[in-house]
Amino acid sequence: MLIDFGKLNGNDTVDTTLDPREIFDVLPEKHDKYEEYLRGVQTEVISKWFNNNRDKKDVIIKMNTGSGKTVVGLLILKSCLNEKKGPAIYVVPDPYLVKQVIEEANNLGIDVTDNPHNLSFKKGESILVINIYRLMNGRSVFGVESTKINIGSIIIDDAHACLDIAESQFSIDIPKSVDAYSKLFNLFKESLKQQSEVGVIELESGDPNANRLVPFWSWINKKSEVIEILHSYKDREDEDLKSLVFGWPLLKNNIEFCNCVFGSDSVEISPKFLPIHNLPSFNNAERRIFMSATIADDSVLVSHFNIKPDSIKEAITPDSSNDIGERMILIPQELNPDIKDDDLKNFYKQLSTAYNVVIIVPSNYRAKYWGDVADKILWASNLYEGVNELKTRHVGLVVVVNKYDGIDLPKTACSVLVIDGMPDVRRKIDKIEQGVLQGSEVLLTSTIQRIEQGMGRGIRSKDDHCVVFLMGRTMIEHLYVKGAISKFTSATKAQLDLSSELSKQLRGKDLDNLKEVINYSLQRNKDWIKTSKGALVKVKYNSKVSFDEKVILERTAFNSALIKNYPHATSLLLEAINKENNNILKGYLKQKVSEYIHFYDAVEAQQTLMSAVKDNSQVIHPIEGIQYNKLLPDDVSQAQGLLSYIQYNFNDPNKYILNVNKLLEQLVFKPDTANVYEQAMMELAFHLGFKGQRPEKQFNKGPDNLWAVGNTKYFVIECKNGAVNESISKHYCNQLNGSINWFKERYDEWNTGVPIMVHKSNEFEYAASPDRNIRIINEDMLNLLKKSLESFSKGVADNFNNVNRVEELLNIYNFKANKFIESYTIEYKQK
């Protein structure tokens, strides 16, 4: 029939019904895959939204991965359209998910489009499905600074993944190949040099590990010059300037509130908080619904989207948390620290002959490790095709690069899932903060969120199942030594607890013994299935929203600064500082408050910054610099110093071993890991009973590492673990020679400094002029050192309170100062 007379009479209940549950019932063209009724968890969430929350501007919905939240989101937006609260938009992180949502909508029979110019969308008759890129950019069709397309109701699905993308959209990244880079660099070269002369040399020489933050006073004072430079490039259509073209309109009026970080490859300009007010259609939307899996920390919604925390008392959740699929979660290297990465690689490859095994890795560099056993490696460019292939057939071992969210791998598409290592940070400012906040819970929380998102890829419904492995010594150290395991959601913790109980019988055993346990899940053992489901029966969602008061104060201070009320911004951050007990965080907050103080009292800003350095030596240093504090050895034996260190920092021998394993993983020759490596080298000093310091990082001058090894003797260490050249360059040589001179200036003639270069090669290039006393830790020496450390630490763990035995172990493994040089360093050669 060409004409639907029901619509003419106004009786089309699909377009007039308001309750989403009833809309589902009357949808005339639903696919056969849908049951007659919505799932219980879907009904619970929809009821709570419709009956109690639908008139609120901001709402948070939390549903476990695979519990059907896409259907919930589409039905809610359809209800909004029927209530004349359109236009309505469903936003997801990437184009791949756009296809998934559209497919779901088509199966439901709900009218959607992916074209924001579609008249049906603008009239409020169909739902627009787009990725976050199209909503948040400097040329957004929805308008920047002024509204072009109104938004009535909007859902941000996978909200935490969208937040990461929004950060990049509000950033400008200009490659070094573009002359705008050199113009900006020349503008700030002197202030960067004041922070670190070596840092400027590293930037100019192309060191891939070099990232340097422009001091805030220099950035603010030269705002006009920055604007002039960036404005002259804003209309270029070059691919290299794409982020400037799309980012400039979002930042141009708030440049003074941005961070600027120079790397040797590009310069990155990003806001301290997202000026989301520059996208008024989103900012002023009548209904904004943020959907996500059950993530514990909601503060990012305040920091990024500027939601008002007082308006959301609790999230909408199902009544029970048993809507999650079955996961057996195992951590082999915690059960047996002797298990190596290569052992796991072979183990997973064996499993992949019968099952699809998916490995999520943090970087291209790590993907190379799996290259010899991978049947496929998936990047953004081939992700859609690769996931579809996994869904349709047995592929084998598939590596997915840096994709912790937004992919569905149901049933046999992913029987075994491996999270390999800690997720990497990508933005330059994040790398700077990683150094400043070393070991802080702030970074740990966001990292655990990404890991948990990744762990959900293999279960897409309540009836799905998957074996999940967590891999990597650094990850395990964070989970068990730093307590990050407590940051998982209640359902994940319940599954971890069950798996832990199950695998206790395997502690200390090899991987062959693990096969029997994972077969309980893979081969659908009835007792395991019953026990697994039982573990979740009593687990409840935590509907309370979690907003960090410090984040709220920081965001409110930023909003005050935007309207030039700098004293108020200052008072809010001072409130946060007074409540903070952690000196690392307190120092960083003092740096932030100094930035606001500078707008009205530059002298006081520098004085506040001087105080910040006392709390956290890795923040920006004041113009006058800071006084160097000499590294003095303890007045105890090396063995006693070691035992005092580990007894103070670790509760038990097992946690000590896990921490050593983390160091073993971090002490590698790998590009773009300088900060992590240098920190690990400093920690290694304490693990050997010495004392360590990072002068260049802490005081902006001196070597990467300084070890006090007793008897007025020191190791002066330059770390070039990211170097790729076959010989040691003149530049690196000069750096170490400069550090030798630095040591002689600050320590009297009674002290001896042994210069050490960490580099793959032990051969200086012809033009270099190395000091005759230089020793080299090359790859062979580093591997030998790590092997000895691994065995040594086991001996120490067995003798936690036996100073004499630890003294013997130090001698056996040549960790006394003189023996260390003989055993783990070699002489250099010169071309």
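Use the structure listed above.
Residues numbered from 1 in each chain as written. Predicted model: local features only at pLDDT ≥ 70, side-chain atom pairs only at ≥ 80, totals over all residues. Heavy atoms only, no water.

(A) Representation of the layout of surface pockets in the model. Considering only enclosed or pocket space, the second largest pocket measures out at about 1,400 Å³ in volume. Around the second largest pocket sit 48 residues that line it, and Lys 33, Arg 39, Gly 68, Glu 104 and Arg 460 are the ones nearest its centre. Mapped by element, the contributors of at least two residues to the lining of the second largest pocket are helix H3 (40–53), helix H4 (69–82), helix H5 (95–108) and helix H19 (383–392). Here the lining of the second largest pocket takes 8 residues from H5, the largest share from any one element. (1 Å grid on protein atoms, 1.4 Å probe; cavity = no way out; pocket = protein on both sides within 12 Å on 5 of 7 lines; lining within 4 Å. Points joined across faces, edges and corners; volume = space filled by probe spheres on them. Helix = DSSP H or I, 4+ residues; strand = E, 2+ residues; numbered from the N terminus.)

(B) View of H3. End to end, H3 covers 19 Å across 14 residues, agreeing with the expected 20 Å (1.5 Å per residue, within 8%). Listed in full, the buried residues belonging to H3 are Val 41, Gln 42, Val 45, Ile 46, Ser 47, Trp 49, Phe 50 and Asn 53. (Expected span 1.5 Å × (residues − 1). Buried < 20%, exposed > 50% of the residue type's maximum accessible area, 1.4 Å probe, protein only.)

(C) Main features of the nonpolar core. In terms of nonpolar packing, the biggest core is built from 126 residues, with Leu 470, Trp 707 and Phe 715 touching the most fellow members. Examining the composition of this core, we find that 8 residues originate from one element, H4, more than from any other. Setting aside its immediate chain neighbours within four residues, Phe 715 contacts Asn 705, Leu 706, Trp 707, Val 709, Val 754, Ile 756, Ala 817, Phe 820 and Ile 821. Among the nonpolar cores identified, the runner-up in size contains 65 residues, and Leu 128, Ile 174, Leu 184 and Phe 188 belong to it. (Core = buried A, V, L, I, M, F, W, Y, C linked by side-chain atoms within 4.5 Å. Contact = heavy atoms within 4.5 Å.)

(D) Broad picture of the side chain of Arg 287. Among the secondary structure elements, Arg 287 is positioned in strand E10 (residues 287–292). In this structure Arg 287 comes out as buried when scored by relative accessible area, which is 2%. Discounting residues that sit within four places of it in the chain, Arg 287 has contacts with Trp 49, Arg 54, Asp 55, Lys 56, Lys 57, Cys 80, Glu 83, Lys 85, Gly 152, Ser 153 and Ile 154.

(E) Local environment of the pattern of salt bridges. Within this structure, the stated rule accounts for 51 salt bridges. Measuring nitrogen to oxygen at the nearest pair gives 3.6 Å for the salt bridge that ties Glu 202 to Lys 720. Pair noted here: Glu 202 is in helix H10 (residues 197–205) and Lys 720 is in the loop between strand E19 (713–719) and helix H34 (730–746), with a separation of 518 residues, a long-range link. With respect to class, Glu 202 is no different from Lys 720; both count as buried. A cluster of three or more residues bridged by salt bridges with shared partners is formed by Arg 54, Asp 55, Glu 83 and Arg 287. (Salt bridge = Lys/Arg side-chain N within 4 Å of Asp/Glu carboxyl O.)

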